[in-house]
Amino acid sequence: RRGHGAGQGQGLRVSAGVAPSMVFLAAVVLINVISSVGPLELGLLTNSFTGNVDTSQVFAPGLHFVGIGGRFILFPSKQVTITFTDQSGVQADSGPISTRTGEDVNQPESGGQPIQICLSLQYRLPNTKALGTVYTSFGSTFHQRYTLIARNTISNVAQTFTPFDFWTKRAELSEAMLRAVQTSLQHQGLVEVTQLQIMRIDFPQQYEDMITNIQLQVQEKSVKEYQQRVLAVLNNFEVLRATNEATITVVRSRAVQAATVLQNQAHASALVMFQSAKANATEHVARTLEFTESQVIGYLRLKALSSHPSNRTVVGLKGP
């Protein structure tokens, strides 16, 4: 019995030792057959042993069974930015795009002006089987290939605009570049370009100085034109003021004339009324006192002499 019990105890110890090993082995196997895709990623399944890549299925974020030797080739599902600039502190994919403008109307023999364009654009990889085509065509260097395609496309578009268009038609220029990059990257790279931003456009310093001087002259001309308009307005104001003053003078003169005429007419009417009243009064006195014509004349003479202002009036003498 003791021997039998000892055998059972040894078997239990062996089983207890094997169980953790089996659990560990199962965990190792499980870890190697399950893989994950990040929340902002897409995945294509590849086999580490065979090197084959399954381009027919795109894996979304999460945990997936990949089998022994399986792993994911990861791609960004968010928008990716391509930046062309030499600005310090900015993570750029390439330096400014060096190209030329279209023909300069002021210098047709020059064939355009050399420029450097700093810009950025955003693209999004497809989440369909087209992602497999992207990997088959470009491998893991798809971003560098898209950068090259975008550079060439932007350079070609820039050559269809004159130098002045880069100042006066900036929105139209940006829209043309966006449409061209959308077409080229969709056709050649199967990706969707969503946005494009022009950061800076540099001309040669000599040309920029010339353009600046031209713009200063244009602005100076505009200032002079506005000054002339102001002077014209002031002159018109002076003419209107003089006209108004002349009108006021004429109106005032006519008013004074009318007032004088009215006053003279009033004085004449008053004098006529006074003389009429005086004649009526004389007639009344003569009729009341029964004066003859010669008496009335004598009366009027005496009355005139009595109202004479001088104290040295001589009457009845032929000479002094």
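Scroll up to find the structure.
Residues numbered from 1 in each chain as written. Predicted model: local features only at pLDDT ≥ 70, side-chain atom pairs only at ≥ 80, totals over all residues. Heavy atoms only, no water.

S.K.: I would appreciate a short explanation of the nonpolar core in the present structure.
M.R.: Buried together is how nonpolar side chains tend to be arranged in soluble globular proteins. Within the largest apolar cluster, 41 residues are counted, with the highest numbers of intra-cluster contacts made by Ile117, Leu121, Tyr123, Leu125, Tyr146 and Met177. Excluding residues within four positions of it along the chain, Leu121 makes contact with Val80, Thr81, Ile82, Ala150, Val181, Leu185, Val193, Gln195, Leu196 and Gln197. Judged by nonpolar contacts, the second largest core, of five residues, contains Val37, Leu45, Phe59 and Val66. (Core = buried A, V, L, I, M, F, W, Y, C linked by side-chain atoms within 4.5 Å. Buried < 20%, exposed > 50% of the residue type's maximum accessible area, 1.4 Å probe, protein only. Contact = heavy atoms within 4.5 Å.)

S.K.: How do you make sense of the packing of helix H3 (residues 142-158) against helix H5 (residues 170-189) when you look at a structure like this?
M.R.: Between two packed helices, both the angle of their axes relative to each other and the distance between the axes serve to describe the pair. It is at 9 Å that the axes of H3 and H5 come closest, and there the two elements cross at 140 degrees. Relative to H5, H3 is oriented oblique. Crossing hand, H3 versus H5: right-handed. Contact residues: H3 offers Tyr146, Ile149, Thr153, Ile154, Val157 and Ala158, while H5 offers Ala176, Met177, Ala180, Val181, Ser184, Leu185, Gln188 and Gly189. A class-by-class count of the residues in the contact of H3 with H5 yields 10 nonpolar, four polar and no charged. (Axes fitted to C-alpha atoms, helices over the stretch in contact; angles between N-to-C directions. Helix = DSSP H or I, 4+ residues; strand = E, 2+ residues; numbered from the N terminus. Parallel < 35°, antiparallel > 145°, perpendicular 65-115°, else oblique. Left-handed = near helix turned anticlockwise from the far one by under 90°. Nonpolar A, V, L, I, M, F, W, Y, C, P; charged D, E, K, R; others polar.)

S.K.: Looking at this structure, I do not really get the packing of aromatic side chains. What am I missing?
M.R.: The geometry of an aromatic ring pair is captured by the separation of the ring centres together with the interplanar angle, meaning the angle of the planes. What the rule picks out here adds up to eight aromatic pairs. Both rings, one in Phe75 and one in Tyr135, keep their centres 6.1 Å apart while their planes meet at 85 degrees; by these two values the pair is edge-to-face. Here Phe75 is found in strand E5 (residues 70-76), whereas its partner Tyr135 is found in helix H2 (residues 130-138), with 60 residues between them in sequence. Each ring, one from Phe138 and one from Tyr146, has its centre 5.6 Å from the other, and the planes form 75 degrees; the classification is edge-to-face. Tyr146 sits in the buried class, given a relative accessible area of 0%. One aromatic cluster is present, built from ring pairs that chain together Phe75, Tyr123, Tyr135, Phe138, Phe142 and Tyr146. (Phe/Tyr/Trp six-rings, centres within 6.5 Å; stacked < 30°, edge-to-face > 60°.)

S.K.: It is not clear to me how unusual backbone geometry should be interpreted in this structure. Could you clarify?
M.R.: Peptide bonds are, in most cases, trans, and in most cases residues other than glycine have a negative phi. You will see that Leu190, though not glycine, has its phi angle at about 60 degrees, which is positive. Relative to the elements of secondary structure, Leu190 occurs in the loop between H5 and strand E9 (192-202).

S.K.: Honestly, helix H6 (residues 205-289) in this entry has me stumped. Any pointers?
M.R.: One full turn of an α-helix is made of 3.6 residues, so residues set three or four places apart face in the same direction. Taking 1.5 Å of rise per residue, 85 residues should cover 126 Å, and H6 covers 123 Å from first to last C-alpha, within 8% of that figure. Among the residues of H6, those classed as buried are Tyr207, Ile211, Thr282 and Ala286. Where H6 is buried, its residues meet helix H4 (165-168) and helix H7 (293-306). Directly after H6, the chain includes Glu290, whose backbone phi takes a positive value near 60 degrees. (Expected span 1.5 Å × (residues − 1).)

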